[in-house]
Amino acid sequence: MAKIALIVGSVRRDRQGIKVARWMEEKLRIRNHMVFFIDPLELNLPLLDRMYKEMTEPSEKMKSLRSKINDAEGYLAVTPEYNRSTSSAMKNTLDYFLEEYFFKPSAIVSYSPGMFGGINASQQLRLIFAELGAPSISSSFTISRVNKVFGEDGKLMDEAYDKRVLKFLEEFEWYIAAFKTQRDKGTPY
Ligand SMILES: Cc1cc2nc3c(=O)[nH]c(=O)nc-3n(C[C@H](O)[C@H](O)[C@H](O)COP(=O)(O)O)c2cc1C
């Protein structure tokens, strides 16, 4: 069992991403993980002014968000693709923190209504996680034609995804455990 921060990347009012995020949350919970569900829409996160560490009097909301990012042993990002990149909401959420991510792995789920499943966004997001000190696992999990894979009610319509996601999560769990073993021995900084 691990503590995993699941970060939602869309704040659009009719976002597809929330269905993907809720489905992933369920998959993680079934595998006994503790999920910190981070939704920038729910949090109503403003565009970054001060990073958390620069805030003199962080709000309770920010303190709670910081605890989740800091306590997480891995980050699972659910990103849309906007103009061949991840979303500004995802980047903005991540930018509030830095050291909190160090030496913990990330895994990226992307989706789009097209056939490429947001792979460009996923590749861009890898670079960001590398900079944050939370390198991404080798596999990417992409969901093409997201509006067909999930029904209006958020129910998974294509059961092949239930199978496909298992290997991805097993790989993520491997990295979480490996990084934890090394963190327990100490980190370079
Ligand atoms: C500003 C904007 C740019 C987009 N650019 C892309 C793109 O580059 N590639 C793509 O596959 N879909 C693109 N789309 C379509 C989105 O993938 C689609 O709207 C998806 O539902 C977005 O996720 P969301 O509903 O969770 O916000 C774009 C949508 C928006 C609003």
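If you're wondering where the values come from, they're calculated on a predicted model, not measured in any experiment.

## A word on the overall build of the protein chain
And step 1. Within the protein chain, the secondary structure is distributed over seven helices and five strands.
And step 2. Beginning at the N terminus, the succession of helices and strands in the protein chain can be written as β-α-β-α-α-β-α-β-α-β-α-α.
And step 3. For the protein chain, whose C-alpha radius of gyration is 16 Å, the value lies close to the compact-globule estimate of 16 Å for 189 residues.
And step 4. If one aligns the C-alpha atoms of the protein chain with their principal axes, the spans along those axes are about 45 × 35 × 25 Å.

## What to know about the environment of Ala-21
And step 1. Structurally, Ala-21 is set in helix α1 (residues 17–30).
And step 2. On the basis of neighbour counts, which here come to 26 C-beta atoms within 10 Å, the residue Ala-21 falls in the buried class.
And step 3. When the C-alpha positions of Ala-21 and Asp-39 are compared, they lie 9.3 Å apart, and in sequence the two are 18 residues distant.
And step 4. If sequence neighbours within four positions are ignored, Ala-21 has contacts with Leu-6, Val-8 and Val-78.

## A few points about the environment of Arg-66
And step 1. Along the chain, Arg-66 turns up in helix α3 (residues 60–71).
And step 2. In sequence terms Arg-66 and Glu-26 are 40 residues apart; their C-alpha atoms lie 23 Å from each other.
And step 3. Excluding residues that lie within four positions of it along the chain, Arg-66 makes contacts with Tyr-52, Phe-97 and Glu-100.

What counts, and at which threshold
- Residues numbered from 1 in each chain as written.
- Predicted model: local features only at pLDDT ≥ 70, side-chain atom pairs only at ≥ 80, totals over all residues.
- Helix = DSSP H or I, 4+ residues; strand = E, 2+ residues; numbered from the N terminus.
- Rg over C-alpha atoms; globule rule 2.2 N^0.38 Å.
- Buried ≥ 20, exposed ≤ 12 C-beta atoms within 10 Å, placed from the backbone.
- Contact = placed C-beta atoms within 7 Å.

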